[in-house]
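Reading the structure
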Amino acid sequence: MDHLRLERFRWDAENCCGCKGCIWVDPIYVQGKDYSIRCPSLQRFKFDSYSALGRLKLALAILNGSMKITEKALDIIYQCNLCGACDTGCKRNLDLDPLMVLEALRIRAVAQGAGPPPALAQLIRRVRDTGNRFGLKRAKSAAWIPEGIKPSNRAKIAYFVGCNASYKNNSIAQATVKILEHLGIEYALMEEESCCGHPLFVSGAASEALALAKTNIEMLSDAGASIVLTSCAECYKTWKVDYPKLLDKPTSDMPYKAVHLVELLAGLLAKGGLRFRGPIEMKVAYHDPCCLGRLSEDWTPWHGSRGPNGLTQPPKPYRRGTNGIYQQPRQLISAIEGLELIDLPRTRENALCCGAGGGVLDVYPEFAAFTAQDRLQEVIDSGAQAVVSACPYCLDSFQVAIQSTGHLLKAYDISHLVSLALLGHEVAQ
Ligand code: SF4
Ligand code: SF4
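All values derive from a computational prediction rather than experimental measurement.

Here is what the cut-offs are and how they apply
- Residues numbered from 1 in each chain as written.
- Chains lettered and ligands numbered in written order.
- Predicted model: local features only at pLDDT ≥ 70, side-chain atom pairs only at ≥ 80, totals over all residues.
- Heavy atoms only, no water.
- 1 Å grid on protein atoms, 1.4 Å probe; cavity = no way out; pocket = protein on both sides within 12 Å on 5 of 7 lines; lining within 4 Å.
- Points joined across faces, edges and corners; volume = space filled by probe spheres on them.
- Helix = DSSP H or I, 4+ residues; strand = E, 2+ residues; numbered from the N terminus.
- Nonpolar A, V, L, I, M, F, W, Y, C, P; charged D, E, K, R; others polar.
- Domains from an automatic or database assignment.
- Phe/Tyr/Trp six-rings, centres within 6.5 Å; stacked < 30°, edge-to-face > 60°.
- Buried < 20%, exposed > 50% of the residue type's maximum accessible area, 1.4 Å probe, protein only.
- Lys NZ or Arg CZ within 6 Å of the ring centre and 35° of its normal.
- Near = heavy atom within 4 Å.
- Contact = heavy atoms within 4.5 Å.
- Buried area = accessible area lost by both parts, 1.4 Å probe.
- Pairing = 2+ DSSP bridges.
- Axes fitted to C-alpha atoms, helices over the stretch in contact; angles between N-to-C directions.
- Disulfide = S-S within 2.5 Å.
- Polar contact = N/O pair within 3.5 Å; in protein donor to acceptor, adjacent residues only side chain to side chain.

1. Considerations on empty space enclosed by the protein
- Taken as a whole, this structure holds eight cavities of 30 Å³ or more when the rule is applied.
- By volume, the largest cavity amounts to about 150 Å³.
- Taken together, 21 residues form the lining of the largest cavity, with E234, C290, C291, C353 and G357 sitting closest to its centre.
- When contributions to the lining of the largest cavity are tallied by element, the ones reaching two or more residues are helix 10 (198–203), helix 12 (233–247) and helix 17 (392–405).
- The biggest single contributor to the lining of the largest cavity is helix 12, with three residues.
- For the lining of the largest cavity, the class distribution of residues is 14 nonpolar, five polar and two charged.
- Counting contributing residues, the lining of the largest cavity receives three or more from each of domain 1 (1–115) and domain 2 (118–270).

This is the structure we're talking about:
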(Lines give C-alpha, C1' and ligand atoms only; values in the text may rest on other atoms or scores of the structure.)
(Ligands and ions follow the chains in the order given, each with its own letter.)
Protein backbone atom coordinates (compact mmCIF):
# COMPACT_ATOMS: atom_id res chain seq x y z
CA MET A 1 0.00 0.00 0.00
CA ASP A 2 2.51 2.50 -1.24
CA HIS A 3 0.06 5.41 -1.23
CA LEU A 4 -0.22 5.33 2.59
CA ARG A 5 3.51 4.98 3.35
CA LEU A 6 5.14 7.58 5.59
CA GLU A 7 7.51 8.59 2.76
CA ARG A 8 4.52 9.93 0.83
CA PHE A 9 4.04 12.59 3.50
CA ARG A 10 7.61 13.79 3.93
CA TRP A 11 6.66 17.21 2.55
CA ASP A 12 4.00 17.64 5.26
CA ALA A 13 6.42 16.60 8.01
CA GLU A 14 9.18 18.85 6.68
CA ASN A 15 7.03 21.95 6.31
CA CYS A 16 5.45 22.17 9.74
CA CYS A 17 6.31 25.72 10.81
CA GLY A 18 5.49 25.31 14.49
CA CYS A 19 2.59 27.78 14.42
CA LYS A 20 0.46 25.61 16.78
CA GLY A 21 -2.74 26.01 14.81
CA CYS A 22 -3.08 22.27 15.44
CA ILE A 23 -3.34 22.91 19.19
CA TRP A 24 -5.54 25.99 19.56
CA VAL A 25 -9.02 26.72 18.23
CA ASP A 26 -8.88 29.86 16.13
CA PRO A 27 -9.86 32.86 18.35
CA ILE A 28 -12.53 33.75 15.79
CA TYR A 29 -14.50 30.82 17.24
CA VAL A 30 -13.47 30.61 20.88
CA GLN A 31 -12.55 33.75 22.78
CA GLY A 32 -10.50 33.44 25.95
CA LYS A 33 -8.58 30.47 27.17
CA ASP A 34 -11.41 28.21 28.34
CA TYR A 35 -12.18 25.53 25.77
CA SER A 36 -9.62 26.86 23.36
CA ILE A 37 -7.48 23.71 23.07
CA ARG A 38 -8.43 21.44 20.19
CA CYS A 39 -5.95 18.60 20.76
CA PRO A 40 -6.99 16.20 23.53
CA SER A 41 -3.53 14.63 23.60
CA LEU A 42 -1.77 17.95 24.19
CA GLN A 43 -4.40 18.87 26.79
CA ARG A 44 -3.70 15.65 28.68
CA PHE A 45 0.10 15.42 28.42
CA LYS A 46 1.05 19.13 28.25
CA PHE A 47 4.08 18.57 25.97
CA ASP A 48 4.31 19.56 22.31
CA SER A 49 5.54 16.04 21.56
CA TYR A 50 1.95 14.97 22.23
CA SER A 51 0.49 17.21 19.53
CA ALA A 52 0.51 17.09 15.73
CA LEU A 53 3.48 19.47 15.78
CA GLY A 54 5.56 17.05 17.87
CA ARG A 55 4.40 14.00 15.95
CA LEU A 56 5.38 15.60 12.63
CA LYS A 57 8.89 16.20 14.03
CA LEU A 58 8.96 12.57 15.17
CA ALA A 59 7.88 11.42 11.69
CA LEU A 60 10.64 13.47 10.10
CA ALA A 61 13.25 12.03 12.46
CA ILE A 62 12.07 8.50 11.61
CA LEU A 63 12.13 9.30 7.88
CA ASN A 64 15.66 10.71 8.22
CA GLY A 65 16.81 7.67 10.17
CA SER A 66 17.82 9.76 13.19
CA MET A 67 15.21 8.08 15.43
CA LYS A 68 13.83 4.59 15.78
CA ILE A 69 10.34 3.64 16.91
CA THR A 70 11.19 3.15 20.57
CA GLU A 71 8.74 2.45 23.37
CA LYS A 72 8.47 6.19 24.09
CA ALA A 73 7.89 6.94 20.40
CA LEU A 74 5.13 4.32 20.35
CA ASP A 75 3.51 6.00 23.34
CA ILE A 76 3.54 9.33 21.50
CA ILE A 77 2.20 7.75 18.29
CA TYR A 78 -0.73 5.94 19.93
CA GLN A 79 -1.71 8.37 22.74
CA CYS A 80 -3.58 10.32 20.07
CA ASN A 81 -7.26 10.11 19.17
CA LEU A 82 -6.72 10.43 15.40
CA CYS A 83 -9.58 12.91 15.83
CA GLY A 84 -8.37 15.20 13.04
CA ALA A 85 -8.84 18.42 15.04
CA CYS A 86 -5.17 19.24 14.37
CA ASP A 87 -5.66 18.67 10.65
CA THR A 88 -8.54 21.15 10.49
CA GLY A 89 -6.58 23.70 12.52
CA CYS A 90 -3.44 23.30 10.43
CA LYS A 91 -5.34 23.84 7.19
CA ARG A 92 -6.50 27.24 8.41
CA ASN A 93 -2.84 28.30 8.11
CA LEU A 94 -1.08 25.94 5.73
CA ASP A 95 -2.09 23.22 3.32
CA LEU A 96 -0.52 20.35 5.24
CA ASP A 97 -2.00 16.94 5.96
CA PRO A 98 -0.95 16.19 9.57
CA LEU A 99 -3.61 13.50 9.97
CA MET A 100 -2.17 11.51 7.07
CA VAL A 101 1.21 11.62 8.81
CA LEU A 102 -0.33 10.40 12.08
CA GLU A 103 -2.02 7.49 10.30
CA ALA A 104 1.11 6.67 8.31
CA LEU A 105 3.19 6.63 11.53
CA ARG A 106 0.96 3.85 12.87
CA ILE A 107 1.18 1.93 9.60
CA ARG A 108 4.99 2.27 9.81
CA ALA A 109 5.00 1.10 13.46
CA VAL A 110 3.04 -2.04 12.54
CA ALA A 111 5.14 -2.70 9.41
CA GLN A 112 8.31 -2.58 11.55
CA GLY A 113 6.82 -4.90 14.15
CA ALA A 114 7.01 -2.20 16.85
CA GLY A 115 3.28 -1.55 17.08
CA PRO A 116 0.49 -1.66 17.85
CA PRO A 117 0.41 -1.57 21.67
CA PRO A 118 -0.66 -4.91 23.24
CA ALA A 119 -4.29 -3.87 23.88
CA LEU A 120 -4.77 -2.95 20.21
CA ALA A 121 -3.04 -6.17 19.13
CA GLN A 122 -5.58 -8.07 21.23
CA LEU A 123 -8.40 -6.09 19.66
CA ILE A 124 -7.15 -7.02 16.19
CA ARG A 125 -7.06 -10.69 17.23
CA ARG A 126 -10.66 -10.48 18.48
CA VAL A 127 -11.84 -8.98 15.19
CA ARG A 128 -9.90 -11.63 13.26
CA ASP A 129 -11.20 -14.55 15.37
CA THR A 130 -14.81 -13.55 15.98
CA GLY A 131 -15.65 -10.83 13.46
CA ASN A 132 -16.36 -8.27 16.19
CA ARG A 133 -14.30 -6.07 18.47
CA PHE A 134 -15.71 -7.56 21.68
CA GLY A 135 -14.72 -11.14 20.86
CA LEU A 136 -18.32 -12.33 21.38
CA LYS A 137 -20.03 -15.19 19.56
CA ARG A 138 -21.45 -14.02 16.24
CA ALA A 139 -24.85 -15.62 17.02
CA LYS A 140 -25.38 -12.89 19.59
CA SER A 141 -25.21 -10.19 16.95
CA ALA A 142 -28.87 -10.49 15.98
CA ALA A 143 -30.14 -10.99 19.53
CA TRP A 144 -30.96 -7.27 19.75
CA ILE A 145 -33.73 -7.36 17.10
CA PRO A 146 -36.94 -6.34 18.87
CA GLU A 147 -40.00 -8.57 18.74
CA GLY A 148 -42.27 -7.89 15.79
CA ILE A 149 -39.53 -6.24 13.71
CA LYS A 150 -38.92 -7.98 10.40
CA PRO A 151 -36.17 -6.63 8.15
CA SER A 152 -36.39 -7.62 4.46
CA ASN A 153 -34.12 -10.37 3.12
CA ARG A 154 -32.87 -8.09 0.35
CA ALA A 155 -33.30 -4.34 -0.03
CA LYS A 156 -31.62 -1.35 -1.58
CA ILE A 157 -30.72 -0.17 1.92
CA ALA A 158 -28.60 -2.40 4.17
CA TYR A 159 -28.52 -1.30 7.80
CA PHE A 160 -24.94 -1.92 8.95
CA VAL A 161 -25.40 -2.08 12.71
CA GLY A 162 -21.74 -2.12 13.79
CA CYS A 163 -20.12 -3.95 16.72
CA ASN A 164 -21.14 -1.44 19.37
CA ALA A 165 -24.90 -1.34 18.71
CA SER A 166 -24.98 -5.10 17.90
CA TYR A 167 -23.29 -6.24 21.09
CA LYS A 168 -23.39 -3.38 23.57
CA ASN A 169 -25.62 -0.33 23.06
CA ASN A 170 -28.48 -2.40 21.61
CA SER A 171 -30.92 0.46 22.24
CA ILE A 172 -29.38 2.41 19.33
CA ALA A 173 -29.96 -0.45 16.88
CA GLN A 174 -33.45 -1.00 18.28
CA ALA A 175 -34.35 2.69 18.03
CA THR A 176 -33.01 2.76 14.46
CA VAL A 177 -35.05 -0.19 13.19
CA LYS A 178 -38.16 1.06 14.98
CA ILE A 179 -37.76 4.42 13.27
CA LEU A 180 -37.29 2.72 9.87
CA GLU A 181 -40.33 0.48 10.41
CA HIS A 182 -42.45 3.41 11.59
CA LEU A 183 -41.52 5.39 8.47
CA GLY A 184 -42.13 2.41 6.16
CA ILE A 185 -38.53 2.38 4.91
CA GLU A 186 -37.51 -0.99 3.51
CA TYR A 187 -34.12 -2.21 4.70
CA ALA A 188 -32.19 -5.43 5.14
CA LEU A 189 -29.53 -6.48 7.62
CA MET A 190 -26.30 -7.95 6.32
CA GLU A 191 -26.11 -11.67 6.84
CA GLU A 192 -23.24 -12.46 9.18
CA GLU A 193 -22.28 -8.80 9.61
CA SER A 194 -18.63 -8.37 10.49
CA CYS A 195 -16.76 -5.48 12.13
CA CYS A 196 -16.29 -2.56 9.73
CA GLY A 197 -12.54 -2.69 10.38
CA HIS A 198 -12.19 0.68 12.11
CA PRO A 199 -10.10 -0.83 14.96
CA LEU A 200 -7.74 -2.40 12.41
CA PHE A 201 -7.30 0.83 10.49
CA VAL A 202 -6.62 2.98 13.54
CA SER A 203 -4.16 0.39 14.85
CA GLY A 204 -2.10 0.76 11.69
CA ALA A 205 -2.93 -2.75 10.46
CA ALA A 206 -3.69 -1.39 7.00
CA SER A 207 -3.38 -4.69 5.08
CA GLU A 208 -5.84 -6.42 7.39
CA ALA A 209 -8.19 -3.43 7.22
CA LEU A 210 -8.04 -3.57 3.42
CA ALA A 211 -8.84 -7.29 3.36
CA LEU A 212 -11.85 -6.72 5.62
CA ALA A 213 -12.98 -3.77 3.51
CA LYS A 214 -13.00 -5.98 0.40
CA THR A 215 -14.98 -8.71 2.19
CA ASN A 216 -17.57 -6.25 3.51
CA ILE A 217 -18.00 -4.55 0.13
CA GLU A 218 -18.53 -7.95 -1.48
CA MET A 219 -21.10 -8.91 1.16
CA LEU A 220 -22.97 -5.66 0.58
CA SER A 221 -23.10 -6.33 -3.12
CA ASP A 222 -24.20 -9.97 -2.54
CA ALA A 223 -27.04 -8.57 -0.42
CA GLY A 224 -28.13 -6.51 -3.43
CA ALA A 225 -27.78 -3.24 -1.51
CA SER A 226 -26.42 0.01 -2.91
CA ILE A 227 -26.84 2.08 0.27
CA VAL A 228 -25.10 1.22 3.51
CA LEU A 229 -26.98 2.86 6.35
CA THR A 230 -25.21 3.32 9.69
CA SER A 231 -26.14 4.65 13.09
CA CYS A 232 -22.48 4.66 14.13
CA ALA A 233 -20.21 7.51 13.13
CA GLU A 234 -17.12 5.27 13.12
CA CYS A 235 -18.72 2.71 10.77
CA TYR A 236 -19.92 5.62 8.60
CA LYS A 237 -16.47 7.11 8.22
CA THR A 238 -14.94 3.68 7.65
CA TRP A 239 -17.29 2.93 4.74
CA LYS A 240 -17.26 6.46 3.33
CA VAL A 241 -13.61 7.47 3.79
CA ASP A 242 -11.33 4.64 4.92
CA TYR A 243 -12.43 1.96 2.43
CA PRO A 244 -11.82 4.27 -0.55
CA LYS A 245 -8.60 5.49 1.09
CA LEU A 246 -7.35 1.93 1.51
CA LEU A 247 -8.40 1.07 -2.05
CA ASP A 248 -6.87 4.32 -3.37
CA LYS A 249 -10.16 5.31 -5.04
CA PRO A 250 -12.41 8.35 -4.68
CA THR A 251 -15.51 7.94 -2.50
CA SER A 252 -17.61 8.77 -5.55
CA ASP A 253 -16.29 5.64 -7.35
CA MET A 254 -17.37 3.21 -4.67
CA PRO A 255 -20.17 0.82 -5.68
CA TYR A 256 -22.32 1.99 -2.76
CA LYS A 257 -23.24 5.16 -0.89
CA ALA A 258 -22.70 5.44 2.86
CA VAL A 259 -25.55 7.22 4.64
CA HIS A 260 -25.79 8.00 8.34
CA LEU A 261 -29.20 7.80 9.98
CA VAL A 262 -29.24 11.57 10.56
CA GLU A 263 -28.78 12.20 6.82
CA LEU A 264 -31.67 9.91 5.94
CA LEU A 265 -33.96 11.47 8.54
CA ALA A 266 -33.01 15.08 7.79
CA GLY A 267 -33.79 14.39 4.11
CA LEU A 268 -37.26 13.19 5.10
CA LEU A 269 -37.72 16.13 7.45
CA ALA A 270 -37.00 18.55 4.62
CA LYS A 271 -39.73 16.87 2.53
CA GLY A 272 -42.25 17.03 5.39
CA GLY A 273 -41.99 13.28 5.91
CA LEU A 274 -41.42 13.31 9.68
CA ARG A 275 -44.24 13.94 12.15
CA PHE A 276 -43.04 14.30 15.69
CA ARG A 277 -45.47 13.81 18.59
CA GLY A 278 -45.71 15.82 21.80
CA PRO A 279 -42.92 17.89 23.29
CA ILE A 280 -39.71 16.74 24.97
CA GLU A 281 -38.82 19.58 27.32
CA MET A 282 -35.04 19.63 27.61
CA LYS A 283 -31.99 21.78 26.91
CA VAL A 284 -29.58 19.65 24.90
CA ALA A 285 -26.03 20.24 23.73
CA TYR A 286 -25.13 18.46 20.49
CA HIS A 287 -21.65 16.93 20.43
CA ASP A 288 -20.26 16.51 16.89
CA PRO A 289 -18.65 13.07 16.61
CA CYS A 290 -15.27 13.46 14.85
CA CYS A 291 -16.12 10.64 12.42
CA LEU A 292 -19.43 12.22 11.40
CA GLY A 293 -18.08 15.76 11.34
CA ARG A 294 -14.64 16.85 10.13
CA LEU A 295 -13.45 13.31 9.29
CA SER A 296 -16.42 12.39 7.13
CA GLU A 297 -15.68 14.41 4.00
CA ASP A 298 -15.35 12.39 0.79
CA TRP A 299 -11.94 10.89 0.09
CA THR A 300 -10.18 11.87 -3.13
CA PRO A 301 -6.77 10.33 -3.92
CA TRP A 302 -3.96 12.57 -5.15
CA HIS A 303 -0.95 11.28 -7.06
CA GLY A 304 0.54 14.49 -8.36
CA SER A 305 3.89 16.16 -7.92
CA ARG A 306 5.15 19.29 -6.17
CA GLY A 307 6.93 22.21 -7.76
CA PRO A 308 8.49 25.37 -6.27
CA ASN A 309 7.04 26.33 -2.86
CA GLY A 310 5.24 23.01 -2.76
CA LEU A 311 2.77 23.97 -5.49
CA THR A 312 0.91 20.85 -6.48
CA GLN A 313 0.35 19.61 -9.98
CA PRO A 314 -2.47 18.72 -10.56
CA PRO A 315 -3.97 20.77 -7.71
CA LYS A 316 -4.33 18.67 -4.59
CA PRO A 317 -7.88 18.42 -3.21
CA TYR A 318 -7.96 19.15 0.51
CA ARG A 319 -10.41 17.92 3.13
CA ARG A 320 -10.69 20.86 5.52
CA GLY A 321 -13.36 19.46 7.81
CA THR A 322 -15.90 22.17 7.08
CA ASN A 323 -18.15 19.97 4.93
CA GLY A 324 -18.93 17.31 7.52
CA ILE A 325 -22.42 16.26 8.61
CA TYR A 326 -23.20 19.21 10.87
CA GLN A 327 -26.58 20.59 9.83
CA GLN A 328 -28.60 17.38 9.69
CA PRO A 329 -28.49 16.41 13.39
CA ARG A 330 -29.13 20.03 14.37
CA GLN A 331 -32.12 20.23 12.03
CA LEU A 332 -33.59 17.10 13.61
CA ILE A 333 -33.10 18.32 17.17
CA SER A 334 -34.50 21.75 16.34
CA ALA A 335 -37.59 20.18 14.75
CA ILE A 336 -38.56 18.33 17.94
CA GLU A 337 -40.92 20.47 19.97
CA GLY A 338 -39.57 21.39 23.40
CA LEU A 339 -35.93 20.56 22.71
CA GLU A 340 -33.68 23.57 23.06
CA LEU A 341 -30.47 23.12 21.12
CA ILE A 342 -27.28 24.56 22.60
CA ASP A 343 -24.10 24.87 20.56
CA LEU A 344 -20.92 24.21 22.51
CA PRO A 345 -17.92 26.56 22.29
CA ARG A 346 -15.88 23.90 20.44
CA THR A 347 -18.35 23.01 17.74
CA ARG A 348 -18.56 21.49 14.23
CA GLU A 349 -15.04 21.17 12.74
CA ASN A 350 -13.57 22.56 15.98
CA ALA A 351 -15.35 20.07 18.25
CA LEU A 352 -13.31 18.29 20.90
CA CYS A 353 -13.17 14.50 20.54
CA CYS A 354 -15.21 12.56 23.15
CA GLY A 355 -11.99 10.76 24.07
CA ALA A 356 -12.75 7.39 22.46
CA GLY A 357 -11.14 7.91 19.04
CA GLY A 358 -8.04 6.32 17.56
CA GLY A 359 -8.19 3.22 19.76
CA VAL A 360 -7.55 5.37 22.86
CA LEU A 361 -10.60 3.97 24.67
CA ASP A 362 -9.18 0.46 24.24
CA VAL A 363 -5.55 1.15 25.09
CA TYR A 364 -5.53 4.19 27.38
CA PRO A 365 -8.92 4.30 29.18
CA GLU A 366 -7.60 6.83 31.70
CA PHE A 367 -6.72 9.27 28.88
CA ALA A 368 -10.12 8.64 27.25
CA ALA A 369 -11.87 9.39 30.56
CA PHE A 370 -9.83 12.59 31.03
CA THR A 371 -10.97 13.91 27.63
CA ALA A 372 -14.60 12.84 28.12
CA GLN A 373 -14.67 14.70 31.44
CA ASP A 374 -13.23 17.83 29.83
CA ARG A 375 -15.93 17.72 27.16
CA LEU A 376 -18.59 17.01 29.75
CA GLN A 377 -17.54 20.10 31.72
CA GLU A 378 -18.01 22.13 28.53
CA VAL A 379 -21.53 20.71 28.26
CA ILE A 380 -22.31 21.48 31.91
CA ASP A 381 -20.99 25.04 31.59
CA SER A 382 -23.27 25.54 28.56
CA GLY A 383 -26.32 25.07 30.79
CA ALA A 384 -27.53 21.95 28.95
CA GLN A 385 -29.38 19.20 30.77
CA ALA A 386 -28.26 16.51 28.36
CA VAL A 387 -25.59 15.79 25.79
CA VAL A 388 -26.67 14.24 22.49
CA SER A 389 -24.43 12.65 19.92
CA ALA A 390 -24.76 10.37 16.89
CA CYS A 391 -22.22 7.67 17.66
CA PRO A 392 -22.34 4.82 20.19
CA TYR A 393 -18.71 5.41 21.16
CA CYS A 394 -19.46 9.01 22.15
CA LEU A 395 -22.38 7.69 24.21
CA ASP A 396 -20.05 5.22 25.94
CA SER A 397 -17.52 7.94 26.72
CA PHE A 398 -20.09 10.34 28.16
CA GLN A 399 -21.85 7.67 30.18
CA VAL A 400 -18.58 6.62 31.80
CA ALA A 401 -17.69 10.26 32.52
CA ILE A 402 -21.15 10.95 34.00
CA GLN A 403 -20.98 7.86 36.21
CA SER A 404 -17.48 8.60 37.46
CA THR A 405 -18.19 12.23 38.27
CA GLY A 406 -21.73 11.81 39.60
CA HIS A 407 -23.12 14.60 37.39
CA LEU A 408 -26.88 14.64 36.89
CA LEU A 409 -26.49 15.24 33.19
CA LYS A 410 -28.05 12.75 30.76
CA ALA A 411 -26.45 11.33 27.63
CA TYR A 412 -28.41 10.27 24.57
CA ASP A 413 -27.81 9.03 21.10
CA ILE A 414 -29.84 11.02 18.60
CA SER A 415 -31.72 7.84 17.61
CA HIS A 416 -33.10 7.73 21.17
CA LEU A 417 -34.55 11.24 20.93
CA VAL A 418 -35.90 10.82 17.40
CA SER A 419 -37.59 7.52 18.26
CA LEU A 420 -39.09 9.07 21.40
CA ALA A 421 -40.39 12.03 19.40
CA LEU A 422 -41.72 9.84 16.58
CA LEU A 423 -43.09 6.86 18.47
CA GLY A 424 -44.03 8.57 21.71
CA HIS A 425 -42.11 6.11 23.90
CA GLU A 426 -38.49 5.68 24.86
CA VAL A 427 -36.42 2.72 23.69
CA ALA A 428 -34.91 1.46 26.95
CA GLN A 429 -31.18 2.19 27.16
S1 SF4 B 1 -0.72 23.81 12.63
FE2 SF4 B 1 0.39 22.58 11.11
S3 SF4 B 1 2.18 23.82 10.60
FE4 SF4 B 1 1.35 24.69 12.49
S5 SF4 B 1 2.46 23.61 14.15
FE6 SF4 B 1 0.64 22.43 13.77
S7 SF4 B 1 1.20 20.84 12.27
FE8 SF4 B 1 2.81 22.43 12.25
S1 SF4 C 1 -5.49 13.67 15.91
FE2 SF4 C 1 -6.47 14.70 17.68
S3 SF4 C 1 -5.35 13.91 19.47
FE4 SF4 C 1 -4.10 13.42 17.66
S5 SF4 C 1 -2.65 15.12 17.47
FE6 SF4 C 1 -4.43 15.62 16.20
S7 SF4 C 1 -5.78 16.83 17.53
FE8 SF4 C 1 -4.29 15.80 18.85
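That shown, we press on.
2. Considering the packing of aromatic side chains
- Following the criterion strictly, the structure yields seven aromatic pairs and no others.
- Between W144 and Y159, the ring centres sit 6.4 Å apart and the planes meet at 80 degrees, which makes this aromatic pair edge-to-face. Of this pair, W144 sits in the loop between helix 7 (118–130) and strand 1 (157–160) while Y159 sits in strand 1, placing them 15 residues apart in sequence. Here the two residues W144 and Y159 agree in accessibility, since each one is buried.
- An aromatic cluster of at least three residues, connected via ring pairs, comprises F160, W239, Y243 and Y256.
- Positioned over the ring face of F370 is R44, at 5.4 Å from the centre of the ring.

3. Quick look at the site of ligand 2
- Around ligand 2 sit 14 residues in total, of which C39, R55, C80, C83 and C86 are the nearest.
- Elements represented by at least two residues in the shell around ligand 2 include exactly helix 2 (40–45), helix 3 (52–63) and helix 5 (85–90).
- Class assignment for the residues of the shell around ligand 2 results in nine nonpolar, four polar and one charged.

4. Comments concerning the domain arrangement of the protein
- Partitioning the protein into structural domains gives domain 1 (1–115) and domain 2 (118–270).
- Taken over C-alpha atoms, the centre of domain 1 sits 29 Å from the centre of domain 2.
- Contact residues are listed per partner, giving ten residues for domain 1 and 13 residues for domain 2.
- In total, domain 1 and domain 2 occlude about 890 Å² of area from one another, counting both sides; carbon and sulfur atoms represent 67% of this.
- Summed over the three residues of domain 1 that lose the most area to domain 2, namely M1, H3 and E103, the buried surface amounts to 47% of that side.

5. A closer look at the layout of surface pockets
- Its boundaries defined by the atoms lining it, the largest pocket holds a volume of some 450 Å³.
- Around the largest pocket, the lining is made up of 26 residues, and of these R8, F9, D97, W302 and K316 lie nearest the centre.
- Only helix 1 (10–14), helix 6 (98–111) and strand 6 (305–306) provide two or more residues apiece to the lining of the largest pocket.
- Looking at the lining of the largest pocket, the element that brings in the most residues is helix 1, giving three residues.
- Classifying every residue of the lining of the largest pocket gives nine nonpolar, five polar and twelve charged.

6. As for the sheet that holds strand 3 (residues 227–230)
- Strand order in the open sheet formed by four strands is 2-1-3-4, and the pairing between neighbours is parallel. Either end of the sheet is taken by a strand with one partner, and the two such strands are strand 2 (188–189) and strand 4 (257–260).
- Sheet topology places strand 1 next to strand 3; four bridges connect them, and they run parallel. When the sheet's bridge partners are listed, A158 is paired in strand 3 with V228.
- Strand contacts of helix 12: strand 1, strand 3 and strand 4, with the helix running at about 160 degrees to strand 4, the strand carrying the most contacts.

7. As for the side chain of S51
- By the element assignment, S51 lies in the loop between helix 2 and helix 3.
- Beyond its immediate chain neighbours, meaning those up to four positions away, S51 contacts I23, C39 and L42.

8. A word on the state of the cysteines
- In total, this model carries zero disulfides according to the counting rule given.
- Not part of a disulfide, C394 finds its nearest cysteine sulfur in C354, a span of 4.0 Å.

9. A word on the side chain of S419
- Here S419 is to be found in helix 18 (residues 414–423).
- According to the relative accessible area criterion, S419 is buried, its value standing at 0%.
- A distance of 3.0 Å separates a polar atom in the side chain of S419 from the backbone oxygen of H416.

10. Digging into the site of ligand 1
- The environment of ligand 1 is formed by C16, C17, G18, C19, K20, G21, C22, L53, L56, C90, L94 and L96.
- Tallied by class, residues from the shell around ligand 1 come to nine nonpolar, two polar and one charged.

11. Concerning unusual backbone geometry
- Look at the link from G115 to P116: it is a cis peptide, with omega at 0 degrees.
- Assignment of secondary structure puts P116 in the loop between helix 6 and helix 7.
- Here Q313 and P314 are connected by a cis peptide whose omega angle stands at -5 degrees.
- Here P314 is to be found in the loop between strand 7 (312–313) and helix 14 (327–335).
- Even without glycine at this site, K46 takes up a positive phi of about 60 degrees.

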